[in-house]
Amino acid sequence: MQHTNGSGYPPAFHQSHNGNSHIPTRYSPGRIVPVRPPPLPKSQGSPDFSSPKPENSATFSFSAAEQRQQAEVARKRHRNALICVAISCAIFFILLIACLAVAASSNFDENCPDQNPTVKQWNPGHDPQRKVVIGKGEHLSLGASATVHSITIQNGGSLVFADDKEGSKNVTLKTRFIHIREGGALHIGADKCHYKSKATIILYGKSDESEDLPLFGKKFIGVEAGGSLELHGTKKLSWTQLAKTLPASGLPSGSYSFKKDYSRGFNVRVIDQDTAQVLYVDKFDTHDQENESIRLHTFLRGLDPGRIVAIAVGDSAAKSLLSDTKQTLKDLLGSAHVNDLSYRQSWALVGVIGDRTSNSSEAVQDYVNHNTAEQALARRKFTTVNGVDFSVSAYSEWIEGTSWAGFNVEVADGTVLDLLDDVTSWREGDRIVIASTDYSMYQAEEFTLLPCPKCTKHQVKIKEKPQFPHVGEILDGVDMRAEVGILSRNIVIQGEMEGSCYGSNMCQFFNTDTFGGHIQILKNFTSVHLSNVELKNMGQQAQKKYPLHFHLCGDVDVKGGYRSPTYVDSLSIHHCFSRCLGIHATNGLLVKDTIGYDTLGHCFFLEDGIEERNVLFHNLGLLTKPGTQLPTDRNDTMCTEIRDKVYGKYIPVPATDCKAVSTFWIANPNNHLISNAAAGSQDTGMWYLFHSMSTGDSHGLYPETKAELTPLGKFYNNRVHSNFKAGLFIDKGVKTTHANSEDPREYLCLDNNARFRPHENADPSKPRVPALIESLITFKNNDHGAWVRGGDITITNSAFADNGIGLTFASDGSFPKDEGASQTVLESLFIGESKNYGFPGGQNKYFGTGWPGNRNRTLPRNKTFPIRGFQIYDGPVHLTRSTFRNFVSTSDRYTSAIGFFMKNAWQLTPKNKVSLVKLDINVSLKVFFCKPGPWFEDCKQDGDKNAVFNDFDGSVSGYKDMLVGRLDNFLIRNPDCINVTDWNGIICKGKYAQIYVQTWNPANNTMSIVRDEYPDFPMLLRGINQNHRATFQQYQPVVMLQKDYTVHWNGKAPENIVIYLINFDKNDWIRIALCYPRDTIFQVKSDVYQRLTKVVSMVEEYTAASSIKDFLDSQAERKYFFDNSTGLLFIYLQARNERDGQSYCSSFGCERLNITATIRSEQVSNCMAEVDQKYRKTPTIISPVPLNNSVSVPCRACGTSQVIFSSDPERTYIPVQVKSLSKVETDQGDLEAFISVNGTKMKLYGRNTFVVTVDACTGKIAGNRTFLTKDTALIVEYLTTGIPQKSIVLLAVRSDIPGEQTISEALVSLGTAKAAKLKDKGSLALYGFKGHFKPSWVELFTSPAGQGLGIVEKYIPIQLEEYGCTKVVKIQRKDLEILKKLQRAQ
């Protein structure tokens, strides 16, 4: 196969090179250099047709005749030369014209690899034993399907797939592997010549046959140093979002199906012609009872014209069927066969009451030998008022002596989807996936596209019926529109799979074969660019091979010498068995518009903790399932059963060692996530974790990563939903040592050893670089919308909805590693329970009632789980300029806007601050402190008791600069505190700090701390180290300053105590007395401890005061007093240094007190009785609450200024609300009907109809008109002729609906699909559009008689070209600008 190309042509392709080689200046990926013949050799001399120049040569003399003869010869030579030149030029131009003609006729494109003249056709046929080597000088074009054993491309050889301009080829290559190295190249299309035909590479083979190829294994496409891989399929929009909600079954009212045996008589269903809802279900046994025939006659006569009626006979219906009833069936429904209905004859009919313009659908089948020849099936198609096509079917049949009757109401001939973007690149037969918009990722669904000639460029039609609803709207201000991804591409790389799992492929966990194909790229490749390629059945679970793996490639952008940086663009990676994309010790890779769907293990996976500068832009990951490869991939079962790498008999703990599988696994913060969607993972959508060192194959090869200290890359406009553990998780690391006797856990299991604290140049001595999380949308995550732990982190312009807990801020335990750091959330929206009610099924486990409207809805956990918007843990944290809505408790659970980490043994700082928050509509519980019960347990952990925050401006409590704490916390009380029993809280004025009390010998006491003013209410603290192996204990109470406290123990007093002054400003103090046996001897010292350097300074010895008076008079001195009569050691704790900003301690370090006690007694040291007798004090107020402290005026600056949080911020939306009132509602006292546009509320009074028009191109209110409801003609005239084009039309009614038929017909001009039946409707609201385009948001709402609609809310896009707007404001896409800046920077 390998031979030399004798054509003399140069190589077919210019390949790009890495930084170690020369790179052609005009290289672009896949571009073919025009092939030209080599230049002719330069002649030694050029002919000169001018007079000869004088030379130093011999001179000869000629006669005149000879001279004439010589001149004639010269003239002939000159003439002949001219003739030769002319002929040569003519031939050249003829050949040139011919070449150009040939090129033009063949549409030759130098950018297309298969069109290069050096490429030879290659059709090897089907030989599974043939091992192909394509080497030097060989450039082959595969034009027909083939099967070979393997292909090696090397030494400058190349393989391309043939294409044509019609895209009519269908080439399938089946091989065990393709190995590309040393100048070899595989091209299917090119960057500037996308492949048009269908190309498939099938990688075959089993894990237990043949030998592995070093580095790659089996069943692969592998690229080594010098190799090139260029795969470029036809461009398709990779993914978009729904623009209109897709209901379960495709019908907003739901589909209907019924089938029953021996249901004798006429089975009747009445269906609403406008909504497809089944209104009446009844059965009339006209076989034996004539009164049933009369009842059927009366029933049909009572139906309104236009109602759809479906009838199916069960068993028999003819015997007692009266002639009047038959006539009614003929007159009202157009039956042609009911007169001839006979015994046990199967009969079905679908008709419309009073519709004489169209025929009913009617079918009859005779009963013969206990059977009918076929089903008597009647079926008709209809359209809802909002444009959904549906069919109604009725059927009747006999099968082996059993009578069956049934009905179906369902979407007709496919469901049309309205989408956000132009999807004209999607084709009939393509497969798409729609993400879940509920708590369970298993509500994601796949569909096949049908032809749809009537669809707009924003619509497609799907074949299958959706099982679950998929939200296509902005609800409550939060963009919950489902992602819709296209799975199909015209270049497919896939593994050939066995029917079931086999061999050593982890079959104890998987039923299916998980040994797929894989693509692996190694360092120093020449060129790799992949776009619009489909990878399916790829990845190898047991062998740790990924569908696409950049393995130890180093820098793959300009920094690495690649003039055309490496990218992965618009790939579809689905139904794969080991991740989606592995970025392994690789930097500068662009991953764009790529879908990862239904995969095992972390999907977009940064592996060793050293990967940096990679850009993940507008990718979609969903249905990320557990895998076995790493502990963090595993679920409960895998975690406990895979123990081959643990030490000894250790059994892993799933909650702490495993259960972290994530769609985006980001092991180094210096990477960029922009406009991505994590739409369903078993554990987490996006997880940032921090390796303390390089791990895996990179370990020891690179400098320490300092990931914890590395500033965060760009994080903008990402969305996370339908994840079980969390949407976004920033915390933890992995274990970086192998299992041993001291730590038996497996290498790379989850580890709580890292805290994110970003600093300039990853140097903790340099300034902090706050991490910015911008424009995050997180909803329907079971546990946390976001869990964020670490140093300076700011979340802004973000939305949290329908999460178990919206956002948890956790700092760093007792002593932050990044002293002075804090976390802030601002300009954000928190929704407790939205109008996304959810749907049972798809592994949704929890269902119950909730808000709004006390309706049934899916729940994040069970019905008792306490939903919280913002959860405080540790601190300091700051919540500001944010809005909360729809936090309403039920009889089953507490639902609060602000809450605290449950069962918390750790500290909460009084420096946690809340300001400028807006507790908006439907917030019944602003704050909640735990109460004993489900989830909270006994509420007696130390952190539970010390939960506090500072209400800086009174926007929560109504009182400025107050501490909000737990109701039973008497350490922070004073006499004018305000009890809020609903919160289980109090609101107090004062100045507060903390003390950290560390004790040794013993280390397992319970400490009681008591304010002298409230001796009957001690706080019992268990300590944070609640295990028997702890060598010391720590207690962390919040205290009111300038007060007296005593400390007691439930056992022997500790021999060593260290007390830290936390959050004390200079000169802040408390007086504390600790209980000891009365014969104890003390040594007391103070010092300043710098924790980072572990330097101790400013050591001072305390001396004993002679009396309590001497002690009290010497507050500024270092004295203590031991009261032998009570056993109390009195000490002042007073700060002498300034505290910086958010730091817990001073800039010199933490001021602390060290007490060493020589204790001879083993008695319990509890002196409370003595304190009560001798030191009880009357409560006093140090900081009284000012009389004008309460906040009575609404705070205009409170809450987020942003109204809508969408994933397409370049589009402009306006919030619109329409509230109509039915007569029943007004009679019950609800008097407010209105239309609100962008915050401007216009009210409707009296029995009137209200119409508001909005300019669809500017969003400004163009007009509003109020009509008396009885003035139907005026209303109709205005709706049909009085509204300008390009107008959004909003209509509300109060009490009555205007003349039903005429108004209904007028609404067709505003977007309804047909004239609606408005008779007997309770209320009506319209979102319409006047123009030549029907937007997806157009909708008519009606309610049944006696019922109302409530507030109907929509978020309407404006300034769309589809509206006919001529001056559309093009808003610059910020995400694209960020991407461009990153690319320029790199």
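None of these values were measured; they are calculated from a predicted model.

K.L.:
Quick question: what am I supposed to make of the state of the cysteines here?
P.N.:
Here, the word disulfide means a covalent bond between the sulfur atoms of two cysteines. Within the structure shown, the criterion is met by 11 disulfides. Linked covalently through their sulfurs, C639 and C658 form a disulfide whose S-S length is 2.1 Å. Taking the sign of the S-S torsion, 70° for the link of C639 and C658, the bridge is right-handed. With a gap of 19 residues between them, C639 in helix α4 (residues 636–641) and C658 in the loop between α5 (654–657) and β44 (662–666) connect regions that are remote in the sequence. The pair formed by C639 and C658 is uniform in burial state, with each residue classed as buried. Here C1257 pairs with C1365 through a disulfide, and the sulfurs are 2.0 Å apart. Handedness here is read from the sign of the S-S torsion; for C1257 and C1365, about -95°, the answer is left-handed.

K.L.:
How do you make sense of the nonpolar core when you look at a structure like this?
P.N.:
Generally speaking, nonpolar side chains in soluble globular proteins are found buried as a group. L229 and I493 are the most contacted members of the largest nonpolar core, which totals 114 residues. When residues of this core are assigned to their parent elements, the largest contribution, 4 residues, is made by strand β4 (residues 146–153). Those residues in contact with I493 that lie beyond four places of it in its chain are I201, L203, I221, L231, I519, V533, E534, L535, K536 and M538. In this structure, I972, V997, M1007 and Y1120 belong to the second largest nonpolar core, which totals 45 residues.

K.L.:
Would you take a moment to explain the sheet that holds strand β24 (residues 415–418) for this structure?
P.N.:
Strand pairing in a sheet is mediated by backbone hydrogen bonds. Such pairs are either parallel or antiparallel. Pairing within the open sheet is antiparallel, and its 6 strands lie in the order β12-β30-β25-β26-β27-β24. The sheet is open, and its two borders are formed by β12 (239–241) and β24, each paired with just one other strand. Averaged over all pairs of adjacent strands, the angle between strand axes in this sheet comes to 40°, irrespective of strand direction. Where strand β25 (residues 431–434) and strand β26 (residues 445–450) come together, 4 bridges link them in antiparallel fashion. Paired with V433 across the two strands is E446, which belongs to β26.

Cut-offs and rules
Residues numbered from 1 in each chain as written. Predicted model: local features only at pLDDT ≥ 70, side-chain atom pairs only at ≥ 80, totals over all residues. Heavy atoms only, no water. Disulfide = S-S within 2.5 Å. Helix = DSSP H or I, 4+ residues; strand = E, 2+ residues; numbered from the N terminus. Buried < 20%, exposed > 50% of the residue type's maximum accessible area, 1.4 Å probe, protein only. Core = buried A, V, L, I, M, F, W, Y, C linked by side-chain atoms within 4.5 Å. Contact = heavy atoms within 4.5 Å. Pairing = 2+ DSSP bridges. Axes fitted to C-alpha atoms, helices over the stretch in contact; angles between N-to-C directions.

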